[in-house]
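# Coordinate analysis (summary)
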Amino acid sequence: MNNNPYIPQKVKVLNVTAQTNLDITYKLACDMKPENGQFVQVSIPGGGEAPISISDFGDGYIEMTIRKVGTLTNEIYSLKPGDDLFIRGPYGKGFPIEKYKQRQLIVIAGGTGLAPVKSIINHFYRNPGEVNKLNILLGFKSPEDILFREEIALWKEKFDITLTVDQAQADWQGNTGLIRF
């Protein structure tokens, strides 16, 4: 990958995971070395460009969770493994992980706002000894809008998680209402 963050780089879609009816996580083949909390500019030639948070990353890949809300995201929504798109970046300051080590950390996120902080949570999930305690407070509109269900189940093994929805159906067994700490 070119080290110039202003030049778009073609990347291949490795995996596509539906999170909800409107939100999809795309795993992209990419040698980018972002920091937790950074974003990239995503584009499809002729389709436009938009800033998208990096929801996770590792050796040789980045992940982005994208909500279908407009012309570009509608085009991205049709991508499948093996397809290409363009990214440039990373941009933004990122979160200072070193400053969080050996402290109590509280992460509060709602809806798609969980995507930009997911990589921080995953960092401490993979390295639980680096943080004294991690509390995670998550809010979503409804049970159908909950993102990253499998990861939330894993996070519950190591961290205190409060998950709430604004509107619940009769079969919802969890918290309903505003997040309270």
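Residues numbered from 1 in each chain as written. Predicted model: local features only at pLDDT ≥ 70, side-chain atom pairs only at ≥ 80, totals over all residues. Heavy atoms only, no water.

A complete count under the given rule lists 10 salt bridges for this structure. Measuring nitrogen to oxygen at the nearest pair gives 3.4 Å for the salt bridge that ties D160 to K133. One end of the pair, D160, is in strand β10 (residues 160-165); the other, K133, is in strand β9 (residues 133-140), and 27 residues separate them in sequence. The exposure class assigned to D160 is partly exposed, which follows from its relative accessible area of 40%. A residue is classified by how much of its surface remains accessible, and K133, at 38% relative accessible area, is partly exposed. (Salt bridge = Lys/Arg side-chain N within 4 Å of Asp/Glu carboxyl O. Helix = DSSP H or I, 4+ residues; strand = E, 2+ residues; numbered from the N terminus. Buried < 20%, exposed > 50% of the residue type's maximum accessible area, 1.4 Å probe, protein only.)

Strand order in the open sheet formed by 4 strands is β8-β9-β10-β11, with parallel pairing between adjacent strands. With one partner strand each, in any of the chains shown, β8 (104-110) and β11 (175-176) form the two edges of the open sheet. Pairing analysis gives 2 bridges linking β10 to β11, with the strands arranged parallel. Bridge pairing in β11 places T164 opposite N175. Contacts between helix α3 (residues 115-126) and the sheet are confined to β8 and β9, with β8 contributing the most and set at about 145° to the helix. (Pairing = 2+ DSSP bridges. Contact = heavy atoms within 4.5 Å. Axes fitted to C-alpha atoms, helices over the stretch in contact; angles between N-to-C directions.)

Turning our eyes to something else, we now look at the confidence of the model for the protein chain. When pLDDT is averaged across the protein chain, the result is 92; 98% of the residues are at 70 or more. For the protein chain, per-element mean pLDDT is lowest for β11, which scores 85, and highest for strand β2 (residues 23-29), which scores 97. (pLDDT = per-residue confidence, 0-100.)

Glancing now at the pairing of strand β1 (residues 9-18). By the bridge criterion, 4 bridges tie β1 to strand β7 (residues 84-91) in an arrangement that is antiparallel. Note that in β7 the partner of K10 across the bridge is F86. Note: β1 against β2, 6 bridges, orientation antiparallel. Among the inter-strand pairings, V16 is bridged to a residue of β2, identified as Y26. Between β1 and β2, which pair antiparallel and follow one another directly, the connecting turn spans 4 residues.

Let us look at the environment of Q9. As for its placement among the helices and strands, Q9 is situated in strand β1. The sequence separation of Q9 and T65 amounts to 56 residues, and the corresponding C-alpha distance is 19 Å. Engagement of the side chain of Q9 in a polar contact is seen with the backbone oxygen of I7, the distance being 3.3 Å. (Polar contact = N/O pair within 3.5 Å; in protein donor to acceptor, adjacent residues only side chain to side chain.)

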